[in-house]
Amino acid sequence: MTRYIIRRLLQAIPVLFVVSVLVFSLIQVAPNNPLAVYQNNPDISPEDLERLAEQYGLNDPLPVKYLKWLSQTLRGDWGESLMTHRPVFDEIAERLPNTLYLSITAFVISLIVSIPIGVVSAVRQYSWFDHITTTLAFMGHSVPVFWFGLLLIIIFSVNLQNPLAGTFLFPHPAPLPLFPGGGMVTLGRDAPPPLVDRLWHLVLPVAMLSVVQLPQHVRYMRAGMLDVLKMDFIRTARGKGLGERVVTYKHAMKNAAIPLVTIIALEIPILFNGALFTETIFSWPGMGRLFFDHAQRGDYPVLMGILMLSATLIVVFNLVADVAYAFLDPRIRYD
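Residues numbered from 1 in each chain as written. Predicted model: local features only at pLDDT ≥ 70, side-chain atom pairs only at ≥ 80, totals over all residues. Heavy atoms only, no water.

**Points about the overall build of the chain**
Phase 1 of the analysis: When its secondary structure is counted, the chain shows 13 helices and 0 strands.
Phase 2 of the analysis: In the chain, the succession of α and β elements from N to C terminus is α-α-α-α-α-α-α-α-α-α-α-α-α.
Phase 3 of the analysis: Principal axes of the C-alpha set define a box for the chain whose edges measure 85 × 65 × 30 Å.
Phase 4 of the analysis: Relative to its 335 residues, the chain shows a buried fraction of 39%.
Phase 5 of the analysis: Here the analysis covers contacts within the chain between residues at least 6 apart in sequence; of these, 68% occur between residues at least 24 apart.
Phase 6 of the analysis: Within the structure as shown, the chain displays about 18500 Å² of accessible surface, and the carbon and sulfur contribution to it stands at 68%. (Helix = DSSP H or I, 4+ residues; strand = E, 2+ residues; numbered from the N terminus. Buried < 20%, exposed > 50% of the residue type's maximum accessible area, 1.4 Å probe, protein only. Contact = heavy atoms within 4.5 Å. Areas by Shrake-Rupley, 256 points an atom, 1.4 Å probe, with all protein chains shown as cover.)

**Some remarks on the pattern of salt bridges**
Close approach of charged atoms allows side chains of opposite charge to pair.
Phase 1 of the analysis: Enumeration according to the criterion identifies 7 salt bridges in this entry.
Phase 2 of the analysis: One salt bridge in this structure joins D293 and R289, with 3.8 Å as the shortest N-O distance. With D293 and R289 both in helix 12 (residues 287-296) and 4 residues apart, this pair spans about one turn of that helix.
Phase 3 of the analysis: Residue classification places D293 among the partly exposed residues on the basis of a relative accessible area of 24%.
Phase 4 of the analysis: Its relative accessible area of 25% is what places R289 among the partly exposed residues. (Salt bridge = Lys/Arg side-chain N within 4 Å of Asp/Glu carboxyl O.)

**Description of helix 5 (residues 88-123)**
Phase 1 of the analysis: The end-to-end C-alpha distance of helix 5, which contains 36 residues, comes to 50 Å, matching closely the 52 Å that a straight helix rising 1.5 Å per residue would cover.
Phase 2 of the analysis: The principal kink in helix 5, of about 30 degrees, is found at L96, preceding the proline P97 by one to four residues. (Expected span 1.5 Å × (residues − 1). Bend = angle between axes of the 7 residues up to and from the residue.)

**Quick word on the nonpolar core**
Phase 1 of the analysis: Core analysis: the biggest nonpolar cluster contains 19 residues, and M221, M225, I234, A252 and I264 have the highest contact counts within it.
Phase 2 of the analysis: The biggest single contributor to this core is helix 10 (residues 244-273), with 6 residues.
Phase 3 of the analysis: With near-sequence residues (within four places) excluded, I264 lies in contact with F107 and L111.
Phase 4 of the analysis: Of all hydrophobic cores here, the second largest spans 18 residues; its members include L49, L52, Y66 and L303. (Core = buried A, V, L, I, M, F, W, Y, C linked by side-chain atoms within 4.5 Å.)

**What to know about the packing of aromatic side chains**
Phase 1 of the analysis: Tallying each qualifying case throughout the model produces 11 aromatic pairs.
Phase 2 of the analysis: Aromatic side chains F17 and Y66 sit 6.4 Å apart centroid to centroid with 70 degrees between the ring planes, which places their arrangement in the edge-to-face category. Placement of the pair is F17 in helix 1 (residues 2-29) and Y66 in helix 4 (residues 62-74), with a sequence separation of 49 residues.
Phase 3 of the analysis: F17 sits in the partly exposed class, given a relative accessible area of 45%.
Phase 4 of the analysis: Note on F24 and Y66: the rings are 5.4 Å apart at their centroids and 70 degrees apart in plane angle, and the pair reads as edge-to-face. (Phe/Tyr/Trp six-rings, centres within 6.5 Å; stacked < 30°, edge-to-face > 60°.)

**A word on the packing of helix 5 against helix 8 (residues 194-229)**
Phase 1 of the analysis: Interaxial distance between helix 5 and helix 8 falls to 5 Å at its minimum, and their mutual angle equals 35 degrees. The handedness of the crossing between helix 5 and helix 8 comes out as right-handed.
Phase 2 of the analysis: Broken down by class, the residue content of the contact of helix 5 with helix 8 amounts to 22 nonpolar, 9 polar and 2 charged. (Axes fitted to C-alpha atoms, helices over the stretch in contact; angles between N-to-C directions. Left-handed = near helix turned anticlockwise from the far one by under 90°. Nonpolar A, V, L, I, M, F, W, Y, C, P; charged D, E, K, R; others polar.)

**Thoughts on the environment of D197**
Phase 1 of the analysis: Within the fold, D197 resides in helix 8.
Phase 2 of the analysis: Considered as a pair, D197 and T186 are 11 residues apart in the sequence and their alpha carbons are 6.8 Å apart.
Phase 3 of the analysis: In contact with D197, other than residues within four places in its own chain, are M184, V185, T186 and P192.
Phase 4 of the analysis: At a separation of 2.6 Å, a polar atom in the side chain of D197 contacts the side chain of T186. (Polar contact = N/O pair within 3.5 Å; in protein donor to acceptor, adjacent residues only side chain to side chain.)

**Observations concerning the side chain of R222**
Phase 1 of the analysis: With respect to the element layout, R222 can be found in helix 8.
Phase 2 of the analysis: R222 gets classed as buried once you look at its relative accessible area, which sits at 10%.
Phase 3 of the analysis: Aside from chain neighbours lying at most four places away, what touches R222 is G118, S121, A122, Q125, D130 and T134.

**Some words on a nonpolar patch on the surface**
Phase 1 of the analysis: Taken together, the side chains of I104, V108, I109, I112 and V113 make up a nonpolar region of the molecular surface, amounting to roughly 390 Å² of accessible area.
Phase 2 of the analysis: Summarising the element assignment, I112 is placed in helix 5.
Phase 3 of the analysis: For I112, a relative accessible area of 58% gives the class exposed. (Patch = residues over 30% accessible without salt bridge, like charges linked within 9 Å, V, L, I, M, F, W, Y side chains within 5 Å.)

**Some words on the packing of helix 5 against helix 6 (residues 128-142)**
Packed helix pairs are specified by the crossing angle of their axes together with the interaxial distance, meaning the distance between the axes.
Phase 1 of the analysis: Where helix 5 contacts helix 6, the two axes come as close as 8 Å, and the packing angle between them is 130 degrees. Relative to helix 6, helix 5 is oriented oblique. The interaxial crossing formed by helix 5 with helix 6 has left-handed handedness. Between helix 5, through I117, V120 and S121, and helix 6, the contact on the second element is made entirely by F129, D130, T133 and T134.
Phase 2 of the analysis: Residues belonging to the contact of helix 5 with helix 6 are distributed by class as follows: 3 nonpolar, 3 polar and 1 charged. (Parallel < 35°, antiparallel > 145°, perpendicular 65-115°, else oblique.)

**Looking at the side chain of K65**
Phase 1 of the analysis: Checked against the element boundaries, K65 lands in helix 4.
Phase 2 of the analysis: Buried charged residue K65 carries no salt bridge. Nearest counter-charge: D60, at 7.0 Å.
Phase 3 of the analysis: Apart from the residues within four sequence positions on either side, K65 is in contact with F24, Q28, G57, L58, D60 and Y300. (Lys, Arg positive; Asp, Glu negative; His and termini not counted.)

**Considerations on the environment of P63**
Phase 1 of the analysis: By the element assignment, P63 lies in helix 4.
Phase 2 of the analysis: For P63, a relative accessible area of 55% gives the class exposed.
Phase 3 of the analysis: P63 sits 38 residues away from S25 along the chain, and the two C-alpha atoms are 9.1 Å apart.

Such coordinate-based values are descriptive only and should not be taken to indicate function.
What follows is the structure, encoded as structure tokens:
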């Protein structure tokens, strides 16, 4: 297993190199000019713009620009943002905790809810419970996430009022939205207690993210369970007189989780990148919002930092998934 892990890590080096070349090239051919924000400023002359372009290396040929970025990154320096002039590492480190706070909360809730639903749906195949969960899962898959987020804001933040307004939990006098439509905390006076305030602001973004993740987890868990419940070792377990609960949750569920592990391994890197639509719609200061803001300005050092962090995490968590397969299924060996 150790040799397999080392081999996979070494194979990841050329993969990340190719990814960095492709991503850097695509960012550079995008029609965004990092200096566009200065072009309408009457205090900045064309000569100043040209001097800034030379200073930032924007006039360099693409290969030269890439080699400068690569040598800088290999030295552990992720460069500076062309917008804020702050180190890219600091920009990402500042936003990453906010994204993880939101994404992990939604992810954990999605798993806690979806795994039991998927198992019961498979065990009771074609029952009314199975039909309802399958229909809701397809509906959740089909709903455009940005539309659902806006719908949540209209219903729960604009039309519905908080019945606890003016109490010690929500000191702000009525009218007060049932749930806030943006931000992480309440600013100004009459803010709820810190823990209540944090949970209050989490409700709508977590609901929006869960609608994306939960149907997919339910479907994979159900499909995995249906396959495993038809296998010989399950019939053998039942033939030995084991109870249905033991057969389902001890023998079948562990093997049925393999497809779900693959999806989880691919979703974990996305947790670090942030949810672009959710963070933008709910003004959540996370990685998705950081990417959106800097992509509009063509701030390639920040974009490269975010995208290469994402690529590295995808490679690492694919390896983690392969290792997890060996744990879940004893037939899988890498030696």
